[in-house]
Amino acid sequence: MLWQLRRNIDEIDDEIIKLLAKRLTIAEAIGDVKRKLNLPPVDHEREGEVIDRWVSGLVEAGLDELTARSIAELVIKASTKRQIRNWFNVKVTVVGSGRLGKTLKRTLSQVTPTTLISMRDELPDSDVIILATRPTEDSINYIKRNSDSIRGKVLMDSFSVKSRLFNIIENESREAGFRYLSIHPLFGSLTDTWGEVMVLIPSLTSRDSLPMATQLFEAAGLRTVILSDPDTHDRIMAYIQVAHHLMLLALYTMLKDTGKVGGVNASLLMTHSLRLTMKAIERALEQLDVIDEIQKMNPYASEVRDKITKYINIINSAAAEGKLSEFIEGDLK
């Protein structure tokens, strides 16, 4: 009978919950052992092995591989988060109570004591200070005003564009005696940043802050990428951010006209891929102020905007001639 089957399901669910709770407790104990042995907080090779074992067992039990992998990754993610909880005893202060500041605070609080303040607040005693502020003179003035409190500490800026202020902060770090490491979180206001990318750019005064920061961010579930200098960062971001944002906003502007076609609600006809694209557009619309800032300040923005026009014209010509696949496939070889 249906009620009996549902009762059986409830009993099994209770057992699963108990086993998951036990797994989390053991994961936390593993984290304690790793700390004592001075081992890295996250072992990606071990995670991969466990996930593969889960997937193999669940597929054998009748699940499709995609669902099996999703379940396995969720369990491993929960266990890893428990394992790295309060991993560090590094006091971090995030300056800037906007979207990014709140996200960084939420992300880092999982692994180390983290405080969020505004630029008007007094800077507390901290080992690491992260500026989640605008790349303006106000940020430079903030550093100068608090130079005594920052001396001997690690200062990080999270600016989306580096060339303009990197050298100024680097020089200030020499004069004031702090270690400077520039970072760029490649995410904004996210509830869950697990698996997102954090770019690290060392300065001449970074010293031991680079390995410390790498461990800190990776323990918080971020993937770290080290770039050699601020100019390389801005050149790459001109494509990844400047071009990407413009293409999304151009598509958004054009799609607004679809509601005028045939009197049909176009949102009912979106393909799966377009729905995913619309989510990216919605995120872009939420941070138009940041997009404007990047377009204005990135020294390679104008160059990349010209290239966008160039390649749209090339693709348009190839499509008009029925040679789009030929052009793209040739470009991929």
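Residues numbered from 1 in each chain as written. Predicted model: local features only at pLDDT ≥ 70, side-chain atom pairs only at ≥ 80, totals over all residues. Heavy atoms only, no water.

Draft legend 1. Examining the overall build of the chain more closely. Along its length, the chain carries 13 helices and seven strands. A fraction of 70% describes how many contacts in the chain between residues 6 or more apart in sequence connect residues 24 or more apart. Put simply, the chain shows about 19,400 Å² of open surface, and 55% of that area lies on carbon and sulfur atoms. If the 44 positive side-chain charges of the chain are averaged to one point and the 46 negative ones to another, these points end up 3 Å apart. (Helix = DSSP H or I, 4+ residues; strand = E, 2+ residues; numbered from the N terminus. Contact = heavy atoms within 4.5 Å. Areas by Shrake-Rupley, 256 points an atom, 1.4 Å probe, with all protein chains shown as cover. Lys, Arg positive; Asp, Glu negative; His and termini not counted. Charge placed at Lys NZ, Arg CZ, Asp CG, Glu CD.)

Draft legend 2. Spotlight on a negative patch on the surface. There is a patch of like negative charges on the surface, built from Asp10, Glu11, Asp13 and Asp14. Relative to the helices and strands, Glu11 is located in helix α1 (residues 2-37). (Patch = residues over 30% accessible without salt bridge, like charges linked within 9 Å, V, L, I, M, F, W, Y side chains within 5 Å. Salt bridge = Lys/Arg side-chain N within 4 Å of Asp/Glu carboxyl O.)

Draft legend 3. Molecular detail of the sheet that holds strand β3 (residues 128-131). With mixed pairing, seven strands are arranged side by side in an open sheet as β2-β1-β3-β4-β5-β6-β7. Lying at the two open borders of the sheet, with one neighbouring strand each, are β2 (114-117) and β7 (223-226). The mean inter-strand angle of the sheet, taken between neighbouring strand axes irrespective of direction, is 25°. Seen against the sheet, helix α5 (residues 137-145) touches β1 (92-95), β2, β3 and β4 (154-157) and runs at an angle of roughly 160° to β3. (Pairing = 2+ DSSP bridges. Axes fitted to C-alpha atoms, helices over the stretch in contact; angles between N-to-C directions.)

Draft legend 4. Region of the structure containing the packing of helix α9 (residues 230-255) against helix α10 (residues 272-286). At their nearest, the axes of α9 and α10 sit 10 Å apart, and the two run at 110° to each other. Relative to α10, α9 is oriented roughly perpendicular. Contacts from Leu248, Leu249, Leu251, Tyr252 and Leu255 of α9 reach α10 at Leu274, Thr277, Met278, Ala280, Ile281, Ala284 and Leu285. (Parallel < 35°, antiparallel > 145°, perpendicular 65-115°, else oblique.)

Draft legend 5. Structural view of the pattern of salt bridges. Under the counting rule described, the total for this entry stands at 17 salt bridges. Between Asp192 and Lys81 there is a salt bridge, with its nearest N and O atoms 3.8 Å apart. Remark: Lys81 occurs in helix α3 (residues 65-83) and Asp192 occurs in the loop between β5 (179-185) and β6 (197-202); sequence separation between them is 111 residues. Note that Asp125 is salt-bridged to Lys91, the shortest N-O span being 3.0 Å. Taken together, the residues Asp125 in the loop between β2 and β3 and Lys91 in the loop between α3 and β1 connect sequence positions 34 residues apart. Under the relative-accessibility criterion, Asp125 is labelled exposed at 52%. Sharing partners across several salt bridges, the network here consists of Arg99, Arg134, Asp289 and Glu293. (Buried < 20%, exposed > 50% of the residue type's maximum accessible area, 1.4 Å probe, protein only.)

Draft legend 6. Looking closely at a nonpolar patch on the surface. A contiguous nonpolar surface patch, about 460 Å² in accessible area, is contributed by Tyr311, Ile314, Ile315, Leu324, Phe327 and Ile328. Elements with a minimum of two residues in the nonpolar patch: α12 (301-320) and α13 (324-332). Within the secondary structure layout, Phe327 lies in helix α13. On the basis of relative accessibility, which here comes to 33%, the residue Phe327 falls in the partly exposed class.

Draft legend 7. Representation of α12 within the structure. Along its 20 residues, α12 runs 29 Å from first to last C-alpha, staying within 8% of the 28 Å computed at 1.5 Å per residue. All of the buried residues in α12 are Ala301, Val304, Ile308 and Ala318. For α12, the angular spread of buried residues about the axis comes to 100°, placing them on one side. Away from its buried face, by an angle of more than 90 degrees, α12 presents the exposed residues Asp306, Asn316 and Ala320. (Expected span 1.5 Å × (residues − 1). Arc of directions from axis to C-beta.)

Draft legend 8. Representation of the nonpolar core. Ranked by internal contacts, the top residues of the largest apolar core, which has 28 residues, are Val92, Val111, Ile130, Met156, Ile183, Met198 and Phe217. Elements that contribute at least two residues to this core include exactly β1, α4 (99-108), β3, β4, β5, β6 and α8 (209-219). The dominant element in this core, judged by the number of residues it contributes, is α8, at five residues. Apart from residues lying up to four places away in sequence, Ile183 is in contact with Ile130, Met156, Asp157, Ser158, Phe159, Lys162, Met198, Val199, Leu200 and Phe217. Ranked by size, the runner-up nonpolar core spans 21 residues in total, among them Phe159, Leu165, Ala176 and Val197. (Core = buried A, V, L, I, M, F, W, Y, C linked by side-chain atoms within 4.5 Å.)

Draft legend 9. Unusual backbone geometry, seen in detail. Positive phi, close to 60°, is recorded for Asn38, a residue that is not glycine. Within the secondary structure, Asn38 is located in the loop between α1 and α2 (44-60). Located in the positive-phi region is Arg207, a residue other than glycine, with phi close to 50°. Looking at the element boundaries, Arg207 is found in the loop between β6 and α8.

Geometric values such as these leave the question of function open.
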